[in-house]
Amino acid sequence: MAKASLSVNEVRDMMLAAADQIIASEPILTDADRALGDGDHGVGMERGMTAVKEALAGKDFPSAGKVFVGVGTAMMSSMGGASGAIFGILFRSGGKAVGDATEFTAAHLATLLREGTDQVMTKGAKPGDKTMVDALDPAARKAGEVAGLPIDEALVAVAAAAAAGREASKDMIATMGRAKTLGENSLGKPDAGAVSVAIILAAMSDFVAGL
Ligand code: ADP
Ligand code: MG
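Heads up: these notes are all about the structure in this document.

Rules used throughout
- Residues numbered from 1 in each chain as written.
- Chains lettered and ligands numbered in written order.
- Predicted model: local features only at pLDDT ≥ 70, side-chain atom pairs only at ≥ 80, totals over all residues.
- Heavy atoms only, no water.
- Helix = DSSP H or I, 4+ residues; strand = E, 2+ residues; numbered from the N terminus.
- Expected span 1.5 Å × (residues − 1).
- Buried < 20%, exposed > 50% of the residue type's maximum accessible area, 1.4 Å probe, protein only.
- Axes fitted to C-alpha atoms, helices over the stretch in contact; angles between N-to-C directions.
- Contact = heavy atoms within 4.5 Å.
- Nonpolar A, V, L, I, M, F, W, Y, C, P; charged D, E, K, R; others polar.
- Near = heavy atom within 4 Å.
- Polar contact = N/O pair within 3.5 Å; in protein donor to acceptor, adjacent residues only side chain to side chain.
- Areas by Shrake-Rupley, 256 points an atom, 1.4 Å probe, with all protein chains shown as cover.
- 1 Å grid on protein atoms, 1.4 Å probe; cavity = no way out; pocket = protein on both sides within 12 Å on 5 of 7 lines; lining within 4 Å.
- Sits in = over half its atoms within 2 Å of the grid points.
- Phe/Tyr/Trp six-rings, centres within 6.5 Å; stacked < 30°, edge-to-face > 60°.
- Core = buried A, V, L, I, M, F, W, Y, C linked by side-chain atoms within 4.5 Å.
- Points joined across faces, edges and corners; volume = space filled by probe spheres on them.

## Observations regarding helix H9 (residues 192–209)
With 18 residues, H9 should cover 26 Å at 1.5 Å per step; its first-to-last C-alpha distance of 26 Å lies within 8% of that length. Among the 18 residues of H9, 14 are classified as buried, and the element is accordingly described as predominantly covered.

Printed below as a string of structure tokens:
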């Protein structure tokens, strides 16, 4: 049966499931960043998501927004590197925009991703630069389109949009970050941060599908 919205505890447990999936995906993320960057993205994400688990597990949060702020704060303060700061901005600013909601709907998901992605883009990356923005922005756009759907159905569509964005990043030439120096040699491989975004959204969708 379609699930209209998530309780705060379900949001927390969804993000714990996403953390577990990223930790399990460390080798994939390491390989992706080794191909185009310096190879530290997998270990950084594993460290960040271990901190997320410590911050979230067994805790009660007053609102869905505060869960996401907690995710961002844990990632920002534990990871270092470009992606620690970027994921921190994504989840902290997105979570603040979600605000005091105690039921998390597809409309809140759209707010989270749109505001979070817009704040990430203030740091310089735009769509097409071969960064995690190339998974985030399509996910945010799709979330806007499906904001009226039940949360489980919206997450399926949004996770698919992020996966399509990750695939599209293979055909982009990096213009930001460490991969910039590779120029056309960055073609054919996905951006590591876009791979992470697709894994997080797929894990969120899978968790909610199992509720
Ligand atoms: P570092 O680049 O410091 O080694 P990571 O390897 O953890 O950090 O993360 C690299 C990822 O960070 C890239 O694949 C890209 O998706 C993302 N990234 C880097 N700079 C930006 C930026 N300005 N905006 C959005 N994403 C970025
Ligand atoms: Mg790196």
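## Things to note about the packing of helix H6 (residues 106–121) against helix H8 (residues 151–169)
Axis separation between H6 and H8 bottoms out at 9 Å; the angle between their running directions is 35 degrees. Every residue of H8 that contacts H6 at Ala 106, Leu 109 and Leu 113 is listed here: Ile 151, Ala 154, Leu 155 and Val 158. Of the residues assigned to the contact of H6 with H8, the class counts are 7 nonpolar, no polar and no charged.

## Description of the site of ligand 1
As a structural note, the neighbourhood of ligand 1 is formed by 18 residues, with Asp 40, Ala 82, Ser 83, Met 132 and Asp 191 the closest of them. Taking Arg 178, its side chain carries an N or O atom lying 2.9 Å from an oxygen atom of ligand 1. Relative to its unbound accessible area of 560 Å², ligand 1 is 90% covered by the protein chains. More than half of the atoms belonging to ligand 1 lie within 2 Å of the grid points that define the largest pocket. Contributions of two or more residues to the shell around ligand 1 are made by helix H5 (81–98) and H9. The leading source of residues in the shell around ligand 1 is H5, at 4 residues. Grouping the amino acids of the shell around ligand 1 by side-chain chemistry returns 7 nonpolar, 5 polar and 6 charged.

## With respect to the packing of aromatic side chains
Considering all chains together, one arrives at 3 aromatic pairs under this definition. On the basis of an interplanar angle of 45 degrees and a centroid distance of 5.3 Å, the ring pair of Phe 68 and Phe 104 is categorised as tilted. On the criterion of sequence distance, the pair formed by Phe 68 in helix H4 (residues 64–79) and Phe 104 in strand S2 (residues 103–104) is long-range, its members being 36 residues apart. We classify Phe 68 as buried; its relative accessible area is 0%. Note on Phe 104: relative accessible area 0%, which makes it buried. Here Phe 87 and Phe 91 contribute two aromatic rings whose centre-to-centre distance is 6.4 Å and whose plane-to-plane angle is 15 degrees, an arrangement assigned as stacked. With Phe 87 and Phe 91 both in helix H5 and 4 residues apart, this pair spans about one turn of that helix.

## Some remarks on the environment of Ser 77
Secondary-structure assignment places Ser 77 in helix H4. The spacing of Ser 77 and Ala 135 is 58 residues in sequence and 23 Å in space, taken between C-alpha atoms. At 2.6 Å, the side chain of Ser 77 forms a polar contact with the backbone oxygen of Thr 73.

## A few points about the nonpolar core
In summary, soluble globular proteins display a tendency toward joint burial of nonpolar side chains. By size, the foremost hydrophobic cluster in this structure holds 64 residues, and its most contacted members are Met 15, Phe 104 and Ile 200. In terms of residues, this core owes the most to one element, H9, which gives 11 residues. With residues up to four places along the chain from it excluded, the contact list for Met 15 reads Leu 56, Val 67, Phe 68, Val 71, Phe 91, Ile 200 and Met 204.

## A word on the layout of surface pockets
In this structure, the largest pocket spans a volume of roughly 680 Å³. Lining the largest pocket we find 32 residues, and of these Ala 82, Ser 83, Gly 177, Arg 178 and Asp 191 sit closest to its centre. The set of elements that each furnish at least two residues to the lining of the largest pocket consists of helix H2 (26–36), helix H3 (41–56), H5 and H9. When grouped by side-chain class, the residues that make up the lining of the largest pocket number 14 nonpolar, 10 polar and 8 charged.

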